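Each chain, letter by letter, is given below.
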Amino acid sequence: MKLIVGLGNPGAEYQNTRHNLGFITIDYLADQLGAQFGKSKFFGLLAEARHQGEKLLLLKPQTFMNRSGQAVRAIVDFYKIPHEDILILFDDMDLPCGQLRLRQRGSAGGHNGIKDIIAQLGNDNQLSRCKIGINHPLYGDTVNYVLGSFSEEEKQLLRPAVQEATAAALCWVERGITAAMNEFNGKAERPTKNDK
């Protein structure tokens, strides 16, 4: 059994914001697997799926971003899921819009959802992450930026990134984090307007 968590904030007002990119991605993943988020359990919305014989739990915490760890810890404790069998999907301001980066370990990198998950689980060394870039704001408050809606240009960049993040998650299920990193890190870089 493996757990894939998409991070975001519940509520219609946050639905299409940059900080909900984890929700957007895991919704796409669930759709590809024929799964539906119908169960409200473990402080989140839960879907179950199978992929190549592996049972998958898909989780969208409903605790708001800063308390994401509450939901993750509840499901991890109940099912006794090893930390190396967890993948977190989330937005990252330090990456260009639409670029993916998978990591096997590391710090929270300033992301409050990851920070709370690490605090709740007490060990960040085995938590696989799939970061999806949203750019850093050129000016202004970062909170307003991440809670803001995508521009039309960003949407064009993020559609293929969500598809690639889904493929990366399935690769992680099939072959592990190292294989997913080798296949998808760098591959998801987006061309700039000046590239031919």
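Here the structure is a predicted model, which means the values were calculated and not measured.

(A) Just helix α5 (residues 152–175), in detail. A rise of 1.5 Å per residue sets the reference length of α5, with its 24 residues, at 34 Å; its end C-alpha atoms lie 35 Å apart and thus fit the reference within 8%. Along α5, the sharpest change in direction is near 30° and occurs at Leu 158; proline Pro 160 comes one to four residues later. Directly after α5, the chain includes Gly 176, whose backbone phi takes a positive value near 95°.

(B) Focus on the pairing of strand β4 (residues 54–61). Taking burial as the measure, the eight residues of β4 include six buried ones, the bulk of the element. Of the pairings in the sheet, the one linking strand β1 (residues 2–6) to β4 comprises four bridges and is parallel in character. The residue of β4 that forms the bridge with Lys 2 is Leu 56. Pairing of strand β3 (residues 44–51) with β4, which is carried by eight bridges, proceeds in the antiparallel orientation. Directly across from Leu 46, in β4, lies its bridge partner Leu 59. From the end of β3 to the start of β4, which pair antiparallel, there are two residues, and Gln 52 there has a positive phi angle of about 50°.

(C) Up close: the side chain of Asp 92. The topology assignment puts Asp 92 in strand β5 (residues 86–92). Its relative accessible area of 10% is what places Asp 92 among the buried residues. Here the side chain of Asp 92 touches Leu 95 through a polar contact of 3.5 Å, landing on its backbone nitrogen. Aside from chain neighbours lying at most four places away, what touches Asp 92 is Lys 131, Ile 132, Gly 133, Ile 134 and Asn 135.

(D) Molecular detail of the pairing of strand β6 (residues 100–103). Residues Leu 100 and Leu 102 line the buried face of β6, whereas the alternating positions Arg 101 and Arg 103 sit on a face that is not buried. Here β6 runs beside strand β7 (residues 128–133); their pairing, made up of four bridges, is antiparallel. Paired with Arg 101 across the strands is Lys 131, a residue of β7.

(E) Region of the structure containing the sheet that holds strand β2 (residues 39–41). Here seven strands make up an open sheet; going across it, the order is β2-β3-β4-β1-β5-β7-β6 and the pairing mixed. This sheet does not close on itself; its edge strands, each paired only once, are β2 and β6. Averaged over all neighbouring strand pairs, the angle between strand axes comes to 25°, with direction disregarded. Inspection of the sheet shows β5 paired to β7 by six bridges, in the parallel sense. Pairing of Asp 91 across the sheet is with Ile 132, part of β7. With respect to the sheet, helix α1 (residues 21–33) is in contact with β1, β3, β4, β5 and β7, its orientation differing from that of β4 by roughly 145°. Helix α3 (residues 112–121) rests against β5 and β7 of the sheet, and its axis sits at about 150° to β5.

(F) Up close: unusual backbone geometry. A positive phi angle is found at Phe 43, which is not glycine, with a value near 60°. Mapped onto the elements of the fold, Phe 43 is located in the loop between β2 and β3. A residue is classified by how much of its surface remains accessible, and Phe 43, at 48% relative accessible area, is partly exposed. Although it is not a glycine, Asn 135 sits at a positive phi angle of roughly 70°.

Rules of the game
- Residues numbered from 1 in each chain as written.
- Predicted model: local features only at pLDDT ≥ 70, side-chain atom pairs only at ≥ 80, totals over all residues.
- Heavy atoms only, no water.
- Helix = DSSP H or I, 4+ residues; strand = E, 2+ residues; numbered from the N terminus.
- Expected span 1.5 Å × (residues − 1).
- Bend = angle between axes of the 7 residues up to and from the residue.
- Buried < 20%, exposed > 50% of the residue type's maximum accessible area, 1.4 Å probe, protein only.
- Pairing = 2+ DSSP bridges.
- Polar contact = N/O pair within 3.5 Å; in protein donor to acceptor, adjacent residues only side chain to side chain.
- Contact = heavy atoms within 4.5 Å.
- Axes fitted to C-alpha atoms, helices over the stretch in contact; angles between N-to-C directions.

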